[in-house]
Amino acid sequence: MSTIHGGHHHHDDAADFLPANPIPSADVYSKDLEAGKGTTEHIETASVNEDKQPAERDIHYDGGDDAAQPRTGLRKLLRRNPSMDFMREVAEANETELDPYEVKKVERKIYWLIVPALFIDYIFYYVDKTTLSYAALFDFKKDLHLKGDNYNNLSSIFYIGWLVWAIPGNLLLAKFPLAKYLSINIFLWGVFLMVQASSKDYGDMVAFRFVSGMFEAVADPCFVAITGMWFTRRQQPTVIGYWYAGNGVGIALGGLIGYGIGHIGGSLASWRYEFLIIGAVCSLWAIVMGILIPDAPHTARWLTRREAVVTMSRKRHDHHTVEKRQLKWDQVIETVKDVKIYLYFFLGFFANVPNGATSNFGTLVIKGFGFSTLNVTLLQIPYGTFIAVMILAAIFVNHKTHHLNIRTYLMAGVTCLTVLGFALMAFTKGIAPRLIGYYLTGSSNAVFVLALSLVSGNVGGTTKKVLASAAIFLGVAVGNIVGPYSFLTKEAPTYHTGIIVCMCSRVAEIFVILALRLCFVGPNKSRDKKYQEGDESCNPDVQVFVDLTDKQNLHFRYVA
């Protein structure tokens, strides 16, 4: 077990032009030349053992497939491990100070390569999911003879498909090149969106929505994995915020597209054009993305060999061990016993009961205020813009206050705005306060961005990380399935019960966030106290390169 001790070399992180560092009090790092060899997260790492042969156990994707073996047949499709030479170059780079100017140049290049593409993906991701709510504004319900709970079922079946495919889809994520895998899934979203246009009745639509949901299940984990692969831990919350802001743009654009498509006077019903046009554009974009985005630094043809090495080496100080694709049973047991994992699930759940409801019923509620169909679609534009602005404001404030370690307070504060929004919708009579209330409910997107960064930054251990991520996304799926059923058909168009359920769900979310804070601050305080009393095993400046969980590794500090 190799450790790095604080206090030898103080150096500034060259990555300051991007986000703040979520590791409290550990802005001073130092280096251990040997240990740096393995700190490449999310990448299939091949390490070097004594006699400079590839170590079998370290090349862990498919039975010791290492870069030297011929890539023939189906094997060509699998992820490619970095070659031994490449890993050695990274290890050598880790022994030197990287030139800050060089790091910045490489980071700008990666930034422009990856972030805009993920941002566009997220726009599609949102528009895809809400095409149903735009279709509902036209004669969709009448054409498919929807009765009673049918529309609620169509909203929920999407997430049932999502749940079914979440685990197998994410296991495949480890086998195949990340960006290509994501592109294929996006291509299939588009195809199944176009297929939905052919629905003759409710049954067809249920089947197509179920399959669409399956292909979207890998999206969020894929986006988070790509962010983790290319960006350092201190940059991740901001990068997640940038692409998540595509959500707001998706809502605003979806409104405009809905408005435009509502004017098509073709031979088909206008809601069918919604599905056809959005699906086609989505599939085309997937092809572009498959060509543009590199799968990993060592296979990126847009980067020179040196740039790829710098990309990996600049991540040497992340509180990350080598990501080995192995299942550690002690971590599984610890995960089951860890109360934080259940809180992550409830965070996902309470955050998405309102989301499942508003993403499918929001347009119908606004229509109930007395606006015409086309004005409803236009009113989505300020809503989407407000969401994007809130996300950017939240990551900016998080960036400025990271040294205070108050991310959970920030999340709870923003959630209060959403509670206020639902209260205005439920208990006021005028159109203006209800519309303002509806807009305020969009603040929740900013909270979820910070929630994702909490999970990615506060869980140690490869196995435990995978399970914690699964916990929050299972909560997301279950919340989205449950939410729409609180909107009772007989209460249309005010949906009073549904709005009150959403409001209570947001209040519960605040309690979950504050409970998580207690779980983070407690261990941090006791570890700091032990360290002050002279216990070196709790020194926050020490970096351990062993696959330990956040509980096992006493050097670890939580982002609260």
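Above: the structure in question.
Because the structure is a prediction, the values reported are computed rather than measured.

Quick notes on the rules
- Residues numbered from 1 in each chain as written.
- Predicted model: local features only at pLDDT ≥ 70, side-chain atom pairs only at ≥ 80, totals over all residues.
- Heavy atoms only, no water.
- Helix = DSSP H or I, 4+ residues; strand = E, 2+ residues; numbered from the N terminus.
- Buried < 20%, exposed > 50% of the residue type's maximum accessible area, 1.4 Å probe, protein only.
- Contact = heavy atoms within 4.5 Å.
- Phe/Tyr/Trp six-rings, centres within 6.5 Å; stacked < 30°, edge-to-face > 60°.
- Lys NZ or Arg CZ within 6 Å of the ring centre and 35° of its normal.
- Core = buried A, V, L, I, M, F, W, Y, C linked by side-chain atoms within 4.5 Å.

Engineer: It is not clear to me how the environment of V501 should be interpreted in this structure. Could you clarify?
Structural biologist: Of note, V501 is situated in helix α19 (residues 496–532). The exposure class assigned to V501 is partly exposed, which follows from its relative accessible area of 32%. Placed 144 residues apart in sequence, V501 and A357 show a C-alpha to C-alpha distance of 9.7 Å. In contact with V501, not counting residues within four places along its chain, are V353 and S486.

Engineer: Got a minute to help me understand the packing of aromatic side chains in this structure?
Structural biologist: In this description, a pair of aromatic rings is defined by centroid distance and the angle of the planes. In the structure shown here, the tally under the stated rule is 33 aromatic pairs. Judged by centre distance (5.3 Å) and plane angle (70°), the rings of F361 and Y495 are edge-to-face. With F361 in helix α13 (residues 339–368) and Y495 in the loop between α18 (462–482) and α19, this pair connects stretches of sequence that are 134 residues apart. Taking relative accessible area as the criterion, F361 reaches 2% and is therefore assigned buried. Summarising the aromatic geometry, the rings of F556 and Y558 are spaced 5.4 Å apart at their centres and angled 70° between planes, so their arrangement reads as edge-to-face. Assessed through its relative accessible area of 3%, F556 is described here as buried. Since its relative accessible area comes to 1%, Y558 is described here as buried. Ring-pair connections join several aromatic residues into one group, and the members of that group are Y122, Y125, W189, F223, W243, Y244 and F448. Positioned above the aromatic ring of W302 is the side chain of R301, whose terminal nitrogen or guanidinium carbon lies 5.2 Å from the ring centre.

Engineer: Can you help me understand the nonpolar core in this one?
Structural biologist: Most often, soluble globular proteins keep nonpolar side chains buried together rather than apart. Ranked by size, the top nonpolar core spans 131 residues in total, and within it F140, W162, W230 and Y344 carry the most contacts. With 17 residues, helix α2 (residues 100–135) is the single largest residue contributor to this core. Residues in contact with W162, not counting those within four places in the same chain, are Y125, G213, M214, E216, A217, F473, V476 and A477. Within the second largest apolar cluster, seven residues are counted, among which are F86, M87, V309 and M312.

Honestly, it's all geometry; don't read function into it.
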